[in-house]
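Chain residues, written in single-letter form:
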Amino acid sequence: MRTLLFTHDDCLNHVTPEGHAEQVARMHAVRDALAPLDGLIRQEAPDVADEAILRVHPQSHLDAITGAAPASGIVQLDPDTFMSPGSLSAARRAAGAMVAAVDQVLTDQADRAFIAMRPPGHHAEKTTPMGFCLFGTVAIGAAHALAAHGLDRVAIVDFDVHHGNGTQDLIWDEERVLFISSHQMPLYPGTGAANETGAHGNVMNLPLPTGSDGAHMRRVYERDVLPALDAFAPQLILISAGFDAHARDPLAQLNWDESDYVWVTEALCALADKHCAGRVVSTLEGGYDLDALWASTAAHVKSLMGTTDD
Ligand SMILES: [Zn+2]
């Protein structure tokens, strides 16, 4: 399995206020987790073309985020979302890595990719940065696969503990994208009820009860997620990989562990093997306990590589 790893030092220059959960130390944990993995094909995350952002966000949003970037200090965009001088480049390179990964996987230069970047992206709506997110990274990747590669069916699976409201907003009217989100409910941002199904039935939301564990998740995926993906027959699977459903995470109350991330990753990869020559591109979303993030990222990426040992 040829697996790409995209990262860039600019994501160390996206600085949030002291005590903020979405902190630079997360990226050190992720990089430490992935450093020992032989066989990853390591690439610098490139800047993104404006055209790729503008497939899912209007020009006004790109202009607003670009204009909000401070020359010094930290600015606050909403109660949770901040920008420092390095944030714009970090967010642009997260999206750029997504586009580059999609290009390489769809031109058979690689099979899988993991994007180890921050800020995350799945809460950013068309015109609203929120929940630590500036641009809809995974949706930008899906839109690129449709527009630049002519795909007809792209699946996005979001197992971050929070609902991917931004991704849902960006692909709501796009019948060529199936968006599936599992998430704790009730929890931030409050959306993601099962009756939110997209303009074409192309959105599937799976609220998980507070306190539920990995066994519960596996039943939900076996009953609902995997059959829906199988029926959709995706030509590419994208993953919003948040690791904040882990039992140790301070922002949520689900009880998954590393073995659950292995299980869900292997299940998604098996469907990719069946339908789309194994093509999977995964991008980091949340995960705020540094030890759990370290262990879960390693488990997830080893599973993408097909080298998991547990
Ligand atoms: Zn999250």
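Within the protein chain, the regular secondary structure consists of 9 helices and 10 strands. Judged by the C-alpha coordinates and their principal axes, the protein chain covers about 50 × 40 × 40 Å. Burial analysis of the protein chain (310 residues in total) assigns 59% to the buried set. Sequence-distant contacts, at least 24 apart, represent 76% of the contacts inside the protein chain between residues at least 6 apart. Placing the 19 positive and 41 negative side-chain charges of the protein chain at their respective mean positions leaves the two points 5 Å apart.

Enumeration according to the criterion identifies 17 salt bridges in this entry. Close ionic contact of Arg2 with Asp108 constitutes a salt bridge, the shortest N to O distance being 2.9 Å. Residue Arg2 is located in the segment before strand 1 (3–7), and its partner Asp108 is located in the loop between helix 4 (87–106) and strand 5 (112–115); the two are separated by 106 residues in the primary sequence. Of the residues examined, Arg2 reaches a relative accessible area of 33% and is grouped as partly exposed. What emerges from the salt-bridge pattern is a single network uniting Arg2, Asp108 and Asp111.

If you trace the backbone, Leu254 turns up in the loop between strand 9 (236–241) and helix 8 (258–275). Take Leu254: its relative accessible area is 1%, and that puts it in the buried class. Excluding residues that lie within four positions of it along the chain, Leu254 makes contacts with Val161, Gln184, Leu208, Pro209, Thr210, Gly211, Ser212, Ala245, His246 and Ala247.

Core analysis: the largest hydrophobic core is formed by 96 residues, its most contacted members being Phe114, Leu236, Leu238 and Val281. With 13 residues, helix 4 is the single largest residue contributor to this core. Sequence-distant contacts of Val281, that is, excluding residues within four places in its chain, are made with Met98, Ala101, Val102, Val105, Ala113, Ile115, Leu236, Ile237, Leu238 and Ile239.

Quick look at the packing of helix 7 (residues 214–232) against helix 8 now. Two numbers describe how helix 7 lies on helix 8: the axes approach to 11 Å, and their chain directions differ by 10°. Taken together, the axes of helix 7 and helix 8 lie roughly parallel to each other. Judged by the twist between their axes, the crossing of helix 7 over helix 8 is right-handed. Only Ser259, Asp260, Trp263, Val264, Ala267, Leu268, Leu271, Lys274 and His275 of helix 8 make contact with helix 7, whose side of the interface consists of Gly214, Met217, Arg218, Tyr221, Glu222, Leu226, Leu229 and Asp230. When the residues that make up the contact of helix 7 with helix 8 are grouped by side-chain class, the tally is 9 nonpolar, 3 polar and 5 charged.

Each strand in a sheet pairs with another by means of backbone hydrogen bonds, the pair being arranged parallel or else antiparallel. Read from one edge to the other, the open sheet built from 8 strands follows the order 2-1-5-10-9-6-7-8, with strand pairing classed as parallel. Edge positions in the sheet fall to strand 2 (40–44) and strand 8 (203–209), since each has one partner strand and no second. The mean angle between the axes of side-by-side strands here comes to 15°, regardless of whether they run parallel or antiparallel. Relative to strand 10 (residues 280–284), strand 5 runs parallel, the two sharing 4 bridges.

The protein atoms that coordinate the zinc ion are Asp160 (OD), Asp160 (OD), His162 (ND1) and Asp244 (OD), at distances spanning 2.0 to 2.7 Å. For the zinc ion, the 4 donor atoms in the first shell make angles of 53 to 154° at the metal, so the coordination geometry reads as irregular. Binding-site remark: the zinc ion is held by donors from one chain whose sequence spacing is D-x1-H-x81-D. Residue His162 is located in the loop between strand 6 (154–158) and helix 6 (165–171), and its partner Asp244 is located in the loop between strand 9 and helix 8; the two are separated by 82 residues in the primary sequence. By the burial criterion, His162 is buried, and Asp244 matches it.

Conventions and cut-offs
Here, residues in each chain are numbered from 1, in the same order as that chain's written sequence. Only residues with pLDDT of at least 70 are given local features in this predicted model, and only at 80 or more are side-chain atom pairs given and counted; all residues enter the totals for whole chains, interfaces and linings. With hydrogens and water set aside, each side-chain value is computed from the structure's full complement of heavy atoms. For the purposes of this entry, the term helix denotes a DSSP run of H or I that reaches at least four residues, the term strand denotes a run of E that reaches at least two, and both are numbered from the N terminus. Partly exposed describes any residue whose relative accessible area lies between the buried limit of under 20% and the exposed limit of over 50%, with all areas from a 1.4 Å probe on protein chains only and scaled to the type maximum. Two residues qualify as a contact provided that any one of their heavy atoms is within 4.5 Å of a heavy atom in the partner residue. This count recognises Lys and Arg as positive and Asp and Glu as negative, with His and chain-terminal groups excluded. Where a charge lies is defined by one atom per residue type: Lys uses NZ, Arg uses CZ, Asp uses CG and Glu uses CD. Any carboxyl oxygen of Asp or Glu that lies within 4 Å of a side-chain nitrogen of Lys or Arg is treated as forming a salt bridge with it. Definition of nonpolar core: a set of buried residues of the types Ala, Val, Leu, Ile, Met, Phe, Trp, Tyr and Cys, connected through side-chain atoms within 4.5 Å. Only the contacting stretch of a helix is used when fitting its axis, a line to C-alpha atoms as for every element, and angles between N-to-C directions run 0 to 180 degrees. An angle below 35 degrees is read as roughly parallel, one above 145 as roughly antiparallel, one from 65 to 115 as roughly perpendicular, and any other as oblique. Crossing handedness is defined as follows: a turn of the near helix away from the far one that is anticlockwise and smaller than a right angle gives a left-handed crossing, while the clockwise case is right-handed. Each residue is assigned to one class: nonpolar for Ala, Val, Leu, Ile, Met, Phe, Trp, Tyr, Cys and Pro, charged for Asp, Glu, Lys and Arg, and polar for all the others, Gly among them. In short, DSSP must find at least two bridges between two strands for them to pair. In this description, a donor is an N, O or S atom within 2.8 Å of the metal centre, a cutoff extended to 3.2 Å for sodium, potassium and calcium. Water is not part of the atom list, which can make sites seem incomplete. Note on geometry labels: four donors, all angles 85 to 135 degrees, give tetrahedral; four donors become square planar and six octahedral when opposite donors are over 155 degrees apart and every other angle is between 65 and 115; remaining cases are irregular.

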